[in-house]
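# A structural walkthrough
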Amino acid sequence: MDNKLNEIRRKIRFLRAEMLSAEDNIRKRVNRDEDCSEAAVHLMSMRVVMLGLISERNRLGGEERLLNVDERLKLDVRAVSRKPANGAPARFSVKAGPGPDPGLAPVRVKNTRPIKNPEPRSDSIGTEKARGRRER
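Residues numbered from 1 in each chain as written. Predicted model: local features only at pLDDT ≥ 70, side-chain atom pairs only at ≥ 80, totals over all residues. Heavy atoms only, no water.

Quick look at the overall build of the chain now. When helices and strands are counted, the chain shows four helices and zero strands. In the chain, the succession of α and β elements from N to C terminus is α-α-α-α. Considering the chain as a whole, with its 136 residues, one finds that 14% of them fall into the buried category. The long-range share in the chain, meaning contacts at least 24 apart out of those at least 6 apart in sequence, stands at 59%. (Helix = DSSP H or I, 4+ residues; strand = E, 2+ residues; numbered from the N terminus. Buried < 20%, exposed > 50% of the residue type's maximum accessible area, 1.4 Å probe, protein only. Contact = heavy atoms within 4.5 Å.)

What follows is about unusual backbone geometry. When glycine is set aside, most residues are seen to have a negative phi, and most peptide bonds are trans. If you check the backbone angles, D33 has positive phi at about 60° while not being a glycine. Its location among the elements puts D33 in the loop between α1 (2-31) and α2 (37-59). For D33, a relative accessible area of 73% gives the class exposed.

Below you can see the structure in the form of structure tokens.
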């Protein structure tokens, strides 16, 4: 029974990917003002097959309950906090490298100012700007 259930789940995953692709294709056709009736009928037939697979999965006892937002937030999904299984290599936490002392603040930050009289540039754009300044 587990093999049958896993096969149904695999078919559902594959069908979901096909349906997403078909929906994307329909959106592209609608954006180009093309006829998408055949693609829409094909998508509806895929939905009928999907409903049949889901009902078969649920009949075999493989119903997957969807969590609401509160239940999702309560789950601790961080892999770092989980203990490794027996025989599995332990994960090492990443240590922070040395950084600036939080108690020290920079004494002086040098401000950069634009040069008031820049030298003429060698490229054509820069020389045109430089000539305009000289003519004034």
